[in-house]
Amino acid sequence: MANYLIYPTKVMRITQTYLGSTSHYPHTTGTPKDYPIDEACTDAGREWLYCPCNEMELIRIYGVGNGGTNTIWLQSTSKVDFADSTRGYFTMQVTHPDDSDLERLSVGQKFVRKEKICREGTDGATGNHLHLSGGKGKITGNGWILNSNGKWVLSTTDGPEKPENLFFLDKAFTKVSDSKGLVFRPLPENGGKVTDKSKKQKKKTDLTGNYKVTKASVLNVRTGPGTEYPYLKFDELSKDAQSQVLKLWGVKINGYVKGTVFTVTETKNGWGKSPSGWVSLEYCEKI
């Protein structure tokens, strides 16, 4: 069953992304780097951060009562489905909650989907908000590392990732006030379940043919038709796919990058079999 990762607040009002030349710039341009956003929710008040997947565990609490800026780290207890069509463990770093919120939390505490975790705060900040960074995989070390620009960035086994590649937007849960230009993929209808009507429609439609990756920066190519199958590395892709990836991005990438063209010879449950392997057709357009 899918464990979709959803955006963790009821109102999305991002006041700063990882782009531009503001205070997050050193995070994104240093080595290593992460991709933080500032989330201020509805207004200047203190609104809640919610658990974005089936279950997360509080791994570390830092800063309560001392000179450090309050920060917590949470990690999913099982693999989640990310918005970029990959699957794995998820780690989230949350900065600026007030002492009053963190004093009631404890390491090892677990939260279930849409359960309240902590509120926006001003610890180390001038206005109520939360500084959020997300990464794939499990926490490494103490959860952060000092980069070449002197900024503490999230540290995970599979690396920090852009928020729009991690979170789905559950429109029934989150209202978008300001995304600051970031585009979040909507949560699949019915939680990703295929209705009987859609199944019948798929049987009537020939989905084989030529496709182009248009809705994902990088699309995993898997050994079978589903996220439970392992994905292929660059050297395991077809020679044509390798050539396209290098032409489009200039570096070796483990998967089809946006703009890659391929032929589907077989389909199953929304997946297409290409010369390299199986890909989710939800992120592609037929050409």
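This section reports on the structure supplied with the text.

Conventions adopted
Residues numbered from 1 in each chain as written. Predicted model: local features only at pLDDT ≥ 70, side-chain atom pairs only at ≥ 80, totals over all residues. Heavy atoms only, no water. Pairing = 2+ DSSP bridges. Helix = DSSP H or I, 4+ residues; strand = E, 2+ residues; numbered from the N terminus. Core = buried A, V, L, I, M, F, W, Y, C linked by side-chain atoms within 4.5 Å. Buried < 20%, exposed > 50% of the residue type's maximum accessible area, 1.4 Å probe, protein only. Phe/Tyr/Trp six-rings, centres within 6.5 Å; stacked < 30°, edge-to-face > 60°. Contact = heavy atoms within 4.5 Å. Axes fitted to C-alpha atoms, helices over the stretch in contact; angles between N-to-C directions.

### Details of the pairing of strand 4 (residues 55-62)
As paired strands, strand 4 and strand 9 (residues 110-112) are joined by 3 bridges and run antiparallel to one another. Looking at the pairing, Met56 lines up with Phe111 of strand 9.

### Points about the nonpolar core
Ranked by internal contacts, the top residues of the largest apolar core, which has 31 residues, are Ile72, Leu74, Phe90 and Val94. Only strand 1 (11-16), strand 4, strand 5 (71-76), strand 8 (90-95), strand 10 (116-119) and strand 11 (130-136) provide two or more residues apiece to this core. Element by element, the count of residues in this core is highest for strand 8, at 3 residues. Grouped together as the second largest cluster of nonpolar side chains are 19 residues, Leu219, Leu237, Tyr256 and Val257 included.

### Regarding the pairing of strand 8
Across the 6 residues that make up strand 8, a large majority, 6, are buried. On strand 8, burial covers both faces: Phe90, Met92 and Val94 on one face and Thr91, Gln93 and Thr95 on the other are all buried. With 5 bridges joining them, strand 5 and strand 8 adopt antiparallel strand pairing. Looking across to strand 8, one finds that Ile72 is bridged to Val94. In the sheet, strand 8 pairs with strand 11 via 6 bridges, with the strands oriented antiparallel. Following the sheet pairing, Gln93 is matched in strand 11 by Ser133.

### Looking at the packing of aromatic side chains
For the coordinates displayed, the defined rule picks out 12 aromatic pairs. Here Tyr4 and Phe168 contribute two aromatic rings whose centre-to-centre distance is 5.0 Å and whose plane-to-plane angle is 85°, an arrangement assigned as edge-to-face. Linking Tyr4 in the segment before strand 1 with Phe168 in the loop between helix 3 (163-166) and strand 15 (175-178), this pair joins segments that are 164 residues apart in sequence. Judged by its relative accessible area of 16%, Tyr4 is buried. What links up through ring pairs into an aromatic cluster is the set Tyr7, Phe82, Phe90, Phe167 and Phe184.

### What about the environment of Ser238?
Tracing the chain through its elements places Ser238 in the loop between strand 17 (218-219) and helix 5 (239-249). Each C-alpha atom of the pair Ser238 and Ser276 lies 5.1 Å from the other, and the pair is 38 residues apart in sequence. Not counting residues up to four positions away in its chain, the partners in contact with Ser238 are Pro275 and Ser276.

### Description of unusual backbone geometry
Geometrically, the link from Thr31 to Pro32 is a cis peptide bond, its omega value of -10° lying close to zero. At Cys41, a position not held by glycine, the phi torsion is positive, near 55°. Here Cys41 lies in the loop between strand 2 (37-39) and strand 3 (48-50). Judged by relative accessible area, Cys41 falls into the buried class, the value being 2%. Phi at Lys114 takes a positive value of approximately 65°, unusual for a residue other than glycine. Counting through the fold element by element, Lys114 comes out in the loop between strand 9 and strand 10.

### Here we look at the sheet that holds strand 19 (residues 261-264)
Strand order in this open sheet of 3 strands is 19-16-23, and the pairing throughout is antiparallel. Unpaired on one side and paired on the other, strand 19 and strand 23 (284-286) mark the two borders of the sheet. Strand after strand, the sheet turns through a mean of 35° between neighbouring axes, direction not considered. Note: strand 16 (residues 209-213) against strand 23, 3 bridges, orientation antiparallel. Across the sheet, Tyr211 pairs through a bridge with Lys286, a residue of strand 23.

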